[in-house]
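Spelled out, the chains give:
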Amino acid sequence: MSFLASISLTSGRTLAAVVVLTALSLVAGAYLLPRYAPSRFPRPKRHWFARTVVVLVPILLVASAGALIANRSLGIVKTSGDLGKLIQSSVVGSEAQSGGEVTIGNQSIDPSALDASFTRTDDGMLVATWTGPTSGITLPVYVIAPRDYSPTDGKTYAVIELLHGYPGEADGTTQGAQVQQALDDAVDAGIIPPTIVVAPSLSVDEEAHDCADIEGRPPVYTWAAHEVPAMIRHNFPNTTGNRDAWMIGGFSAGAYCAVWTALRTPETFGAAASLSGYDTQIEGQMTNQGDQYLADNTLSTMLANRTPDGMRIYAMAAGDDVVGGAYTALKMAAAVRPPDTVTTDVPPTGGHAGPLWREHIPTMLAWWGSSDRVANAVGAAPTAQTAQASEAYASIVPVTTVTHTESSTGPNGRVTLALLALLSVVFVLIAWRYAATWQVVADARDEATDSTSRFCRSASARVFAAIPRPWGTLAAYCARLVALTLAAFACASLIGVCGNMAGGFYTTWSSVGQTIVDSLH
């Protein structure tokens, strides 16, 4: 059982194994179908069940391959055991018992407790599994440094802390968003000053992670807002402690937490970035604290009620994001008071998916470097002019209104759903009921039996029988293989579109294609 739970769901080998099994199931299914035709199998219930299995197995395998491809794009679920826990949590519901928010505060920490041993991963990131001395949380913390980083290079480094969403993990999200490449390019071009990126894991258990310290739950706020920054400054002594050169950003649920954390911890963070975030928390135990608590912790309300101190916020979300990220950006922009600022970036399409975030990581970096406050805080050369002249900065789409549109033929469209449902029914009916009879009969007695079967009243069998052997046999086999393949891919696509509509992820076929291309690399 431990082996089954440890199967990697992000490995190319796992994907390759599922693809091979899919091909074998199609090849074998096309061969087995005639063996369960009515004339060959006199017991209807048994041959119905057997043909159902022959058709169903390829459908499930194709759907599994598609799910693995989508999962590989951001490393959302790492192992089959993690998937099982996620499904159990979603089906059974939260088992976590919690009370209200507690205040732990920024307690003094013994410097020796901040020691962490970083090693380099196969992907080039630095990682340390570390225990927070106050929170008691033991999780990996990943660091992405510029290609020429050295603790003794005489430079002072700014810091960006990135928070992943739920479900998801720090390493998969940053790798899928290609943060390393974007960071190197921005530093090399002088768009931002020397900077490292820190990505702590927030997955304290199988439940949706919190932003706040909730009684009875691991104190994630203390971990992300106080302990991780202290640990980074201790182990990377050439990083600055100046808030103007510290930004916290996040993706989806992590985006809400990032802005919330920045507003709660302005002494550490002078900027925040929200990529497809929410205005009000919709996950975790913060949602169980009552309507007034949620209202008080709505980001736009927090911005309106705080004492402005120059906090800079970058709020990006696609206009067709069904989660409402674009409206969140507008609400924050309407609520902010100078000298705090909110820069909205609302491209018309992109959904709530990895390709959108990967595309806008360079934009986020250019926006951050567009103020010389960052460069001044680390004593680096000014970056504002270079950043503002960059292509990434020019791609920002500031808006004052959002009109949510939805393409009926997109991967979340109703026309697409209806068409795939129709195709699935047609192709499954052909594969299950008729394709089994597409064969060249062995003798006249079999032909007579076939001709009297109510499942074989079409002329299709006679067409194959009219072709000289062995070409007729090969043609019949290929026809069965095509029918079974079409049924499998149509049904798997239908399953994928239903899942996409439920989650609100992809809104364009180009983003789906980009995910497939990236996952296969």
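The structure under discussion appears in the preceding block.
Residues numbered from 1 in each chain as written. Predicted model: local features only at pLDDT ≥ 70, side-chain atom pairs only at ≥ 80, totals over all residues. Heavy atoms only, no water.

Student: Would you take a moment to explain the packing of aromatic side chains for this structure?
Tutor: For any pair of aromatic rings, geometry is given as the distance between the ring centres together with the angle between the planes. Across all of its chains, the model carries 8 aromatic pairs by this definition. Ring centres of Tyr-149 and Phe-236 lie 6.1 Å apart, and the angle between their planes is 50°; this geometry places the pair in the tilted category. In this pair, Tyr-149 sits in the loop between β3 (138-144) and β4 (158-163) while Phe-236 sits in the loop between α7 (220-235) and β6 (246-251), placing the two residues 87 residues apart along the sequence. Summarising the burial analysis for this pair, Tyr-149 and Phe-236 share the class buried. Chaining the aromatic ring pairs together yields one cluster made of Phe-118, Tyr-149, Tyr-157 and Phe-236. Its end group placed over the ring of Trp-367, Arg-312 keeps NZ or CZ at 4.4 Å from the ring centre. (Phe/Tyr/Trp six-rings, centres within 6.5 Å; stacked < 30°, edge-to-face > 60°. Helix = DSSP H or I, 4+ residues; strand = E, 2+ residues; numbered from the N terminus. Buried < 20%, exposed > 50% of the residue type's maximum accessible area, 1.4 Å probe, protein only. Lys NZ or Arg CZ within 6 Å of the ring centre and 35° of its normal.)

Student: Would you mind going over unusual backbone geometry with me for this structure?
Tutor: Trans peptide bonds make up the majority, and among non-glycine residues the majority have a negative phi. In this structure, Pro-167 follows Tyr-166 across a cis peptide bond, with omega equal to -10°. The residue Pro-167 is located in the loop between β4 and α5 (170-176) in this model. The omega torsion of the bond from Pro-338 to Pro-339 falls at 10°, within 30 degrees of zero and hence cis. Within the secondary structure, Pro-339 is located in the loop between α11 (325-335) and β9 (341-345). A positive phi is found at Ser-252, a non-glycine position, where the angle reads about 60°. Locating Ser-252 in the fold gives a position in the loop between β6 and α8 (253-264). Residue Ser-276 is not a glycine yet carries a positive backbone phi of 60°.

Student: So what exactly am I meant to see when it comes to the side chain of Asp-171 here?
Tutor: Tracing the chain through its elements places Asp-171 in helix α5. Since its relative accessible area comes to 12%, Asp-171 is described here as buried. The contacts of Asp-171, once residues within four sequence positions are left out, are Lys-78, Met-125 and Tyr-142. (Contact = heavy atoms within 4.5 Å.)

Student: Explain the sheet that holds β9 here, please?
Tutor: Hydrogen bonding along the main chain pairs the strands of a sheet, whether they run parallel or antiparallel. Taken together, 9 strands build an open sheet; the order of strands is β1-β2-β3-β5-β4-β6-β7-β8-β9 and the sheet is mixed. A strand with exactly one partner marks an edge of an open sheet, and here the two such strands are β1 (119-120) and β9. Two strands pair when backbone bridges link them, and β3 and strand β5 (residues 195-200) are joined in this way by 4 bridges, in the antiparallel orientation. The residue bridging Ile-144 from the neighbouring strand is Val-197, located in β5. Running over the sheet, helix α6 (residues 179-188) touches β3, β4 and β5 and is turned about 160° from β5. Where α11 meets the sheet, it contacts β8 (312-316) and β9, and its direction lies at approximately 155° from that of β9. (Pairing = 2+ DSSP bridges. Axes fitted to C-alpha atoms, helices over the stretch in contact; angles between N-to-C directions.)

Student: Is there a simple way to think about helix α16 (residues 414-434) in this case?
Tutor: Owing to its 3.6 residues per turn, the α-helix brings residues three or four apart onto one side. Taking 1.5 Å as the rise per residue, α16 with 21 residues should run 30 Å; its terminal C-alpha atoms sit 29 Å apart, in good agreement. Residues of α16 that are buried: Thr-416, Leu-420, Ser-424 and Ala-431. Looking straight down α16, one finds that the buried residues subtend no more than 65° of arc, so they occupy a single side. Among the exposed residues of α16, those oriented more than 90 degrees off its buried face are Arg-414, Leu-422 and Val-425. (Expected span 1.5 Å × (residues − 1). Arc of directions from axis to C-beta.)

Student: I would appreciate a short explanation of the pairing of β8 in the present structure.
Tutor: Where a strand is regular, its side chains alternate between the two sheet faces. The buried count for β8 comes to 5 of 5 residues, which makes it a mostly enclosed element. Covered by surrounding structure in β8 are Arg-312, Tyr-314 and Met-316 together with Ile-313 and Ala-315, the residues of both alternating faces. Examined bridge by bridge, strand β7 (residues 271-275) and β8 share 5 bridges and lie parallel to one another. Paired with Leu-275 across the two strands is Met-316, which belongs to β8. Where β8 and β9 come together, 5 bridges link them in parallel fashion. Each bridged residue has a counterpart across the sheet, and for Ala-315 the counterpart in β9 is Thr-344. A crossover connection joins β8 to the parallel β9 through α11; in handedness this β-α-β unit is right-handed. (Right-handed = clockwise from strand over helix to strand, strands pointing away.)

Student: Explanation requested: the nonpolar core in the structure shown.
Tutor: Soluble globular proteins tend to bury their nonpolar side chains together. Residues Phe-118, Ile-196, Trp-223, Ile-232, Trp-260 and Ile-313 are the most contacted members of the largest nonpolar core, which totals 61 residues. No other element matches the 9 residues that α7 contributes to this core. Counting 42 residues, the second-largest nonpolar core is a separate cluster that includes Ala-170, Ala-177, Ala-318 and Leu-356. (Core = buried A, V, L, I, M, F, W, Y, C linked by side-chain atoms within 4.5 Å.)

Student: Where do I start with the pattern of salt bridges in this structure?
Tutor: Opposite charge on two side chains makes pairing possible when the charged atoms of those side chains draw close. Following the criterion strictly, the structure yields 12 salt bridges and no others. Between Asp-171 and Lys-78 there is a salt bridge; the shortest N-O distance is 2.8 Å. Here Asp-171 is found in helix α5, whereas its partner Lys-78 is found in the loop between α3 (44-74) and α4 (80-92), with 93 residues between them in sequence. A salt bridge links Asp-309 to Arg-306; the nearest nitrogen and oxygen atoms lie 2.9 Å apart. Given a relative accessible area of 30%, Asp-309 falls into the partly exposed group. (Salt bridge = Lys/Arg side-chain N within 4 Å of Asp/Glu carboxyl O.)

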